[in-house]
Amino acid sequence: MALPRLLHMPRFVRFGIAIDTAPEWRWLALLALALWPTWWWMGQRMVDGSDDPLGLLALAALAGLLWQHRHHLSPTPRLGFQITALTGAVLTTAVHQQLPDLVVALIGLLSVAAGLIAFLPARVATAPVLGLSVLSLPLLASLQFYAGFPLRVVTAEASRCLLSIAHTVERTGSSLVVNGQLIIVDAPCSGVQMAWLGYFTACVVALATRQANKTFLLRLPVVGALVLLGNVARNTVLVAAQASGTHLPAWGHDAVGLLVLAAVCGGIAWAMGRTMTADRASS
């Protein structure tokens, strides 16, 4: 039927007006509903214990961002992001069970982020929102599998250099022999979880302090550097304690890890906030 004839049909016109004036939350809810297989798979990964549920923090941060700007959502969404969101949702459905679940979930969560960005005020940086969507994925186990060993080797080598000042140290793979005592740098010492929390802190602080995309992206290497330094410091302290014969109880081991984690995340938050202050001063 030709469009001019359709425009003379009151029901069609009312339907078009209803679509055009639909509340923003309804579009976002429909987008989320269309991706229910992704949510189902992510829920299963969290329930069966195959991955840490840290992604819930990132999802909560995205929900908090939407709630914070609930009165300022744009009634005219940015078309490019909205098309990207719809295309991503269709692609997620099309490649379901054709590609690895993690890849499908990545496409789906980036679609959600694009849909959210389409309605958020333009002053909200897009890069941290996309970052939080990636961090929402149950990917820690995969990162540990693929990147865990190289990170442990880097950490062990850096610790060897520091410990060699006061001890006789050799490294084999991710293991250290300190004064003849074999000490293994195990999986938890790879720093994968610390890296997740570091980048999560960077995204949240960037959004809270209204960082621009350029500033946020330029400061991301600082996040990686602080995480690496913190992980090396934690590993060196624990290995030095064990090599010296000091037996740390489980709570002491955890305390050292938490203190270093707090220092790393605090440094990341400071770096992001300081950048924002400097930008305001120069503007």
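Quick notes on the rules
- Residues numbered from 1 in each chain as written.
- Predicted model: local features only at pLDDT ≥ 70, side-chain atom pairs only at ≥ 80, totals over all residues.
- Heavy atoms only, no water.
- Helix = DSSP H or I, 4+ residues; strand = E, 2+ residues; numbered from the N terminus.
- Buried < 20%, exposed > 50% of the residue type's maximum accessible area, 1.4 Å probe, protein only.
- Pairing = 2+ DSSP bridges.
- Axes fitted to C-alpha atoms, helices over the stretch in contact; angles between N-to-C directions.
- Contact = heavy atoms within 4.5 Å.
- Parallel < 35°, antiparallel > 145°, perpendicular 65-115°, else oblique.
- Nonpolar A, V, L, I, M, F, W, Y, C, P; charged D, E, K, R; others polar.

This next bit is on unusual backbone geometry. The backbone of Gln-97 shows a phi angle near 65 degrees, a positive value even though the residue is not glycine. Tracing the backbone shows Gln-97 in the loop between helix H6 (79-94) and helix H7 (101-119). In the Ramachandran plot, Asn-179 falls in the positive-phi region, its phi being about 55 degrees despite a non-glycine side chain. Looking at where Asn-179 falls in the secondary structure, it is placed in the loop between strand E2 (175-178) and strand E3 (181-184). Of the residues examined, Asn-179 reaches a relative accessible area of 45% and is grouped as partly exposed.

Spatially, E1-E2-E3 is the arrangement adopted by the three strands of the open sheet, whose pairing is antiparallel. With partners counted over all chains shown, the strands left at the sheet margins are strand E1 (169-172) and E3, one partner each. Across the sheet, the axes of successive neighbouring strands diverge by a mean angle of 25 degrees, strand direction being ignored. Sheet topology note: the E2/E3 ladder contains four bridges and is antiparallel. Bridged to Leu-176 within E3 is Ile-183. Sitting on the sheet, helix H9 (residues 140-163) is in contact with E1 and E2, with an inclination near 170 degrees to E1. Strands E2 and E3 of the sheet are contacted by helix H11 (residues 213-243), whose axis makes an angle of about 150 degrees with E3.

A few words now on the packing of helix H5 (residues 55-68) against helix H10 (residues 192-208). Two elements in contact, H5 and H10, have axes whose closest approach is 11 Å; the angle formed by their N-to-C orientations is 5 degrees. Taken together, H5 and H10 sit at an angle that is classed as roughly parallel. The segment H5 lies against H10, with Gly-55, Leu-57, Ala-58, Ala-61 and Leu-65 engaging Trp-196, Phe-200, Val-204 and Leu-207. When its residues are assigned to classes, the contact of H5 with H10 shows eight nonpolar, one polar and no charged.

That is the geometry; function is a separate question.
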